[in-house]
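Structure at a glance
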Amino acid sequence: MKKTLLACTLLLSLASFAQINSSVQSSISPTMRGEITTTIKHPNATNLLSNAVAGVPAISASVSNPQTIKTITIPADNKGNTQMDVTLIDEFLADVAPNARHYPPNFPNRTTEHFTGENIKHLSDWIEPFATAPNTHFEVVLRAAKINGMARNLNLGEAYSLRANAHMAKAIKLKPNHDEANFLYGMMISEAGGFNEGKKYLDKAASLGYIEAEQSLAQSDLLSDKKELARSRLVALQTKHPSNTQITEQIKIIDNGGYYIWKIADNNLSVKPFKQ
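1. Structural notes on the environment of Ala166
Within the fold, Ala166 resides in helix 4 (residues 158-174). Taking the C-alpha atoms as reference points, Ala166 and Ala145, 21 residues apart in sequence, are found 8.0 Å from one another.

Laid out in structure tokens, this is it:
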């Protein structure tokens, strides 16, 4: 039987995310959002939900519109003997991506930015031993790159910036033609001012069909005083993806004289700390 490394042990106090069972079944089942309370029943206990007891008010309970998220596991190493549950990590990264994936970050308030930073530091420190272990799997390195890339954007310290660079470079080495790995590396370099160097990786990611790479290329064009090129790039992208409302908003930002097309954040984002 495969061993399972559960990321959920880090996140048990995060009430806004789903709880994960203590083991991963061979057939992955959905994970419920919200808190799950485990009750130890006395052998002679009466079920008050189904049986009335004199002097005790009847209990009525119901659940409406439950939301589920599918459990996500990845190999922890190339041997395939160990699986890592990254359900909550992936959900967290997806939730904060509009605010922290690009530089500079864009948060609705300082409290949310602070808690996001603390959670990212916690995740970075947790995943680091797995990402740097011999025979670590590409999927682990990719998540470490994402986490530390956000830490870099939030200016959480030089150590996280070094980790971001190391993990992104390693991801490219492990899979030179991976679309998101090339995007992450190119995005980090170009957003640090290395437009020409970053463009090589963004061009490759774009050629592999990664939409966000084209958007980052437009951002680089804009910051290089190539406004018309940036706009035409986004208009062409919009033609290919007419239902992508983010691209429409980015064109509006350019038309209104803006220079930062990623200033489209989730202003309702509310992040709680993993550790109280």
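2. Structural notes on the pairing of strand 5 (residues 82-85)
Side chains Thr82 and Met84 project from strand 5 onto one buried face, and the interleaved Gln83 and Asp85 project onto a second face that is buried too. Here three bridges tie strand 4 (residues 73-75) to strand 5, and the two strands are oriented antiparallel to one another. Paired with Ile74 across the two strands is Met84, which belongs to strand 5. Here strand 4 folds back onto strand 5, and the loop between the two strands holds six residues, one of which, Gly80, carries a positive phi near 80°.

3. Focus: the pattern of salt bridges
Two side chains bearing opposite charge may form a pair once their charged atoms approach each other closely. One pass over the structure, following the stated rule, counts 14 salt bridges. When the shortest N-O distance is used, the salt bridge between Glu180 and Arg101 registers 3.4 Å. Of this pair, Glu180 sits in helix 5 (residues 179-191) while Arg101 sits in the loop between helix 1 (87-100) and helix 2 (110-131); the two residues are 79 residues apart in sequence, bridging distant segments of the chain. On the basis of relative accessibility, which here comes to 13%, the residue Arg101 falls in the buried class. Salt-bridge contacts for Asp255 lead to Arg231; the nearest nitrogen and oxygen are separated by 2.7 Å. In this pair, Asp255 is assigned in helix 9 (residues 245-255) and Arg231 in helix 8 (residues 227-240), connecting sequence segments 24 residues apart. A relative accessible area of 42% places Asp255 in the partly exposed class. Taken together, the salt bridges that share partners define one network made up of Arg101, Lys146, Glu180 and Glu212.

4. A closer look at the packing of helix 5 against helix 7 (residues 211-223)
Between helix 5 and helix 7, the least distance of the axes is 10 Å, while the angle of their chain directions is 15°. One way to sum up the angle between helix 5 and helix 7 is to call them roughly parallel. Viewed along their axes, helix 5 and helix 7 form a crossing whose handedness is left-handed. Across the interface between the two elements, Phe183, Met187 and Ser190 from helix 5 touch Glu212, Ala213, Ser216 and Ser220 from helix 7. Here the residues of the contact of helix 5 with helix 7 are counted per class, giving three nonpolar, three polar and one charged.

What counts as what
Residues numbered from 1 in each chain as written. Predicted model: local features only at pLDDT ≥ 70, side-chain atom pairs only at ≥ 80, totals over all residues. Heavy atoms only, no water. Helix = DSSP H or I, 4+ residues; strand = E, 2+ residues; numbered from the N terminus. Buried < 20%, exposed > 50% of the residue type's maximum accessible area, 1.4 Å probe, protein only. Pairing = 2+ DSSP bridges. Salt bridge = Lys/Arg side-chain N within 4 Å of Asp/Glu carboxyl O. Axes fitted to C-alpha atoms, helices over the stretch in contact; angles between N-to-C directions. Parallel < 35°, antiparallel > 145°, perpendicular 65-115°, else oblique. Left-handed = near helix turned anticlockwise from the far one by under 90°. Contact = heavy atoms within 4.5 Å. Nonpolar A, V, L, I, M, F, W, Y, C, P; charged D, E, K, R; others polar.

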